[in-house]
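Architecture at a glance
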Amino acid sequence: MADQRVAARYAKSLLDLSKEMGTLNSVKEDMDLLSKTMAESRELRLLLRNPIVKHDKKLAILTAIFSGKVSNMTMRFFTILTEKNRESALESMGTEFQIQYNAMQGIQMAEVTSATPLTAASRAEIEKLVTKQTGLADVKLTEKVNPDLIGGFILRVGDQQIDDSVRTSLRKMRISLQDTTFQQKM
């Protein structure tokens, strides 16, 4: 939890600095790469959290991995983090940067899970629903298919969830039928 707060603060600093320097798009791509790399490499995450490995060794590993793939500003930022003993914050730094970048650009991320792939009309309807709920016009949907839902959809926007699936409706109906006890009326 503390690393996530630290990552959010460093991500904000990097976002502000890259915006000021005019390198926001390249740093955004760097943070996307960092986020993808952290998600795919458990060994790298464990290495960055390991207090036994010295900071200069961690910086050398980060340099070997990202040299030539990220901008100079991002490499200098990695150097600052390792000098300040905050390498473990890199694990959630890419994600935090993306969240703050989307907020700054007015982009709302949403995830929809449906029983079948969405049609263009249903996708537009869900985007309209998210726009109405959040007030942000630019919506990016991540679509997942789960045939267990039977029908309907589950929509996640931030920390809110709208579950309009047939599976959930059937479960609620079953629970309501089981909970009712016979009461004789006189």
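This is a predicted model, so every value here is computed, not measured.

Each value, and the rule that gives it
Residues numbered from 1 in each chain as written. Predicted model: local features only at pLDDT ≥ 70, side-chain atom pairs only at ≥ 80, totals over all residues. Heavy atoms only, no water. Helix = DSSP H or I, 4+ residues; strand = E, 2+ residues; numbered from the N terminus. Expected span 1.5 Å × (residues − 1). Buried < 20%, exposed > 50% of the residue type's maximum accessible area, 1.4 Å probe, protein only. Contact = heavy atoms within 4.5 Å. Pairing = 2+ DSSP bridges. Axes fitted to C-alpha atoms, helices over the stretch in contact; angles between N-to-C directions.

Across its 17 residues, helix 2 (residues 24-40) extends 24 Å between first and last C-alpha, which sits within 8% of the 24 Å expected from 1.5 Å per residue. Restricting attention to buried positions, one finds in helix 2 the residues Leu-24, Val-27, Lys-28, Asp-30, Met-31, Leu-34, Ser-35, Thr-37 and Met-38. Taken together, the buried residues of helix 2 touch helix 1 (2-21), helix 3 (42-49), helix 4 (55-66), helix 5 (72-83) and helix 6 (90-105).

This part covers the pairing of strand 3 (residues 152-157). Where strand 1 (residues 107-114) and strand 3 come together, five bridges link them in antiparallel fashion. Note that in strand 3 the partner of Ser-114 across the bridge is Phe-153. In this antiparallel pair of consecutive strands, strand 3 and strand 4 (residues 160-165), the connection spans two residues, and Gly-158 shows a positive phi of 65°.

This part takes up the sheet that holds strand 2 (residues 138-145). With respect to topology, four strands assemble into an open sheet ordered 2-1-3-4, the strand pairing being mixed. Each edge of the open sheet carries a strand with a single partner, namely strand 2 and strand 4. Each strand of the sheet is rotated relative to its neighbour by a mean of 15°, with strand direction disregarded. Examined bridge by bridge, strand 1 and strand 2 share eight bridges and lie parallel to one another. Considered in strand 2, the bridge of Gln-108 is made with Val-139.

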